[in-house]
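Examining the three-dimensional arrangement
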Amino acid sequence: MKKNIKRTAAFSVAAALTLGLAACGSSATNTQATNAETTVATEAASQGSEAAAETVKSENPASGEVKTIQVAHTNYYKPYDFQTPDGGSDGYEVAVLKAVDELLPQYEFQFTPTTDDDLLVGVESGKYDVGTKGVWWTEARSETYVFPKNYIGASVIGILFRAEDKDKYTDLEAFAKDGGKLVPIAPQNAQYNIVENFNKNHPDSQIKLEASDAFQVSDAYQWVTEGRYDAYFESRTSYEANIVADDGEYHDYVDKLSYVPYEGIPTWPLFNRNNQELADAYDGAIEKLKADGTLSRLSKQYFGYDLFELVPKGYQKGDQL
């Protein structure tokens, strides 16, 4: 049924093109979806024209072909991406990409739950066209994959500390001013750079940052509880899954530890290097989903809060966090 609808929409695109619409070419370095078709689609959508709203980039609009897109996602990373008991695909990022698919009549997304390694290698090799796993942007990764202009969500990070200090450590700035001792972070961990950047932006209230090799998260929880350190830099997702959840592996700490968020680190889908056009089409669709409130709604559905409210205002791909 969906493919028939998409074919109809694709022929509508072809008719529009016959009247004079000309698509802009893709650029390997510019992922902005600013072509004429996207503009027309956005304007028509605001007027309630469903067919015209689906005129976001078409790879071969005149043919009416629907191209199958292989989408990989991690099979365990709740609530971002996970495999359901019946083998299906679910999670916030999966739900967003399904919404994107509905806006792109020229594509049909097929979802595959898989491992981290298979996803990364598969997208690089072309086995998958897109992969999503709560990835942060890094310059090194951008040399291997296409990152679109628009991020899909965010990973909220903050500090985990003793419950008795919850009135004292109301935010990361308060922790820094108090001179709290942070559990060491491995230098290769992206969180190390985030704390470094915090110190650069807060010269009068520095966090004491120590480098360390990797360790078990249970060690960090115990070190904070015992007073060896005052806080642990932790993602909100991990805190809620490990400690807050009734079935969390470390739920015994729920009355001993508290958490305060710092900011949201944008997460991105990864596109194969040959799929710049698909990434551009994604950008056109994601901008519409953000404007109509879909992203905020899905965020609250899967996380209980709006991820986008915690991302620094004005953030652009490549900005330091």
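Here the structure is a predicted model, which means the values were calculated and not measured.

**With respect to the overall build of the chain**
Within the chain, the secondary structure is distributed over 12 helices and nine strands. Here the contacts in the chain between residues at least 6 apart in sequence split such that 74% fall between residues at least 24 apart. Accessible surface for the chain amounts to roughly 15300 Å². Of this, 45% is attributable to carbon and sulfur atoms.

**Considering the sheet that holds strand β9 (residues 257-271)**
Taken together, the six strands give an open sheet; going across it, the order is β5-β1-β6-β9-β7-β8, and neighbouring strands pair in mixed fashion. A strand with exactly one partner marks an edge of an open sheet, and here the two such strands are β5 (107-114) and β8 (231-235). Taking the axes of each pair of neighbouring strands and ignoring which way they run, one obtains an average angle of 25 degrees across the sheet. Of the pairings in the sheet, the one linking strand β1 (residues 67-74) to β5 comprises eight bridges and is parallel in character. For A72, the partnering residue across the bridge sits in β5 and is T112. Running at roughly 165 degrees to β5, helix α4 (residues 92-102) makes contact with β1, β5, β6 (130-135), β7 (153-162) and β9 of the sheet. The sheet strands contacting helix α8 (residues 190-201) are β7, β8 and β9, and the helix crosses β8 at an angle near 120 degrees.

**Focus: unusual backbone geometry**
Negative phi characterises most residues that are not glycine, and trans characterises most peptide bonds. The step from K78 to P79 runs through a cis peptide bond, and the omega angle for that step is 0 degrees. Mapped onto the secondary structure, P79 falls in the loop between β2 (76-77) and β3 (81-83).

**Re the pattern of salt bridges**
All chains considered together, the criterion is met by nine salt bridges. For the salt bridge of K149 with E287, the shortest nitrogen-to-oxygen distance reads 3.4 Å. With a gap of 138 residues between them, K149 in the loop between α6 (139-142) and β7 and E287 in helix α11 (residues 276-291) connect regions that are remote in the sequence. A relative accessible area of 31% means that K149 is categorised as partly exposed. Notably, a salt bridge pairs R236 with E240, separated by 3.2 Å at the nearest N-O pair. Of the two residues, R236 and E240 both sit in helix α10 (residues 236-244), four residues apart, roughly one turn of that helix.

**As for the packing of α4 against α11**
Running from N to C, α4 and α11 point in directions that differ by 105 degrees, and their axes come no closer than 9 Å. Taken together, the axes of α4 and α11 lie roughly perpendicular to each other. Contacts between α4 and α11 pair V96, L97, A99 and V100 from the former with Y282, A285, I286 and L289 from the latter. Of the residues contributing to the contact of α4 with α11, the split by class is eight nonpolar, no polar and no charged.

**Let's talk about the pairing of β1**
Pairing of β1 with β6, which is carried by three bridges, proceeds in the parallel orientation. Its bridge partner being in β6, H73 is matched across the sheet by T132.

**Some points on the packing of aromatic side chains**
Overall, the coordinates contain 19 aromatic pairs when judged by the stated rule. A centroid spacing of 6.2 Å and a plane angle of 40 degrees characterise the contact between Y76 and Y77, whose relative ring orientation is tilted. Note on Y151 and F308: the rings are 5.8 Å apart at their centroids and 20 degrees apart in plane angle, and the pair reads as stacked. Placement of the pair is Y151 in the loop between α6 and β7 and F308 in the segment after α12 (294-303), with a sequence separation of 157 residues. In this structure an aromatic cluster arises from ring pairing among Y76, Y77, Y80, Y92, F303 and Y305. The ring of F82 has K78 sitting right over it, with the charged end atom 5.2 Å from the ring centre.

What counts and what doesn't
- Sequence order as written defines residue numbering, which begins from 1 separately in each chain.
- Two thresholds apply to this predicted model, a pLDDT of at least 70 for residue-level local features and 80 or more for giving and counting side-chain atom pairs, whereas whole-chain, interface and lining totals are computed over all residues.
- To obtain the side-chain values, all non-hydrogen atoms of the structure were used and water was disregarded.
- In DSSP terms, a helix is any run of H or I states spanning at least four residues, a strand is any run of E spanning at least two, and both are numbered starting from the N terminus.
- Any pair of residues with heavy atoms lying within 4.5 Å of one another is described as a contacting pair.
- Accessible areas in this description were obtained via Shrake-Rupley with a 1.4 Å probe; residue shielding takes into account the shown protein chains only.
- Between any two strands, pairing holds if DSSP finds at least two bridges.
- Axes here refer to lines fitted to C-alpha atoms; in helices the fit is confined to the stretch in contact. Angles between the N-to-C directions go from 0 to 180 degrees.
- Just to be clear on terms, a salt bridge is a Lys or Arg side-chain nitrogen sitting within 4 Å of an Asp or Glu carboxyl oxygen.
- Using a 1.4 Å probe on the protein chains alone, a residue whose accessible area is under 20% of its type maximum counts as buried, one over 50% counts as exposed, and one in between counts as partly exposed.
- In these notes the angle categories are as follows: under 35 degrees is roughly parallel, over 145 is roughly antiparallel, 65 to 115 is roughly perpendicular, and the rest is oblique.
- Note on residue categories: nonpolar means Ala, Val, Leu, Ile, Met, Phe, Trp, Tyr, Cys or Pro, charged means Asp, Glu, Lys or Arg, and polar means any other residue, Gly included.
- Under the pairing criterion, centres of Phe, Tyr and Trp rings, with the six-membered ring standing for Trp, must be within 6.5 Å; the plane angle then separates stacked pairs below 30 degrees from edge-to-face pairs above 60, leaving the rest tilted.
- Placement of a charge over a ring requires the Lys NZ or Arg CZ to be within 6 Å of the ring centre, with the centre-to-atom vector within 35 degrees of the ring normal.

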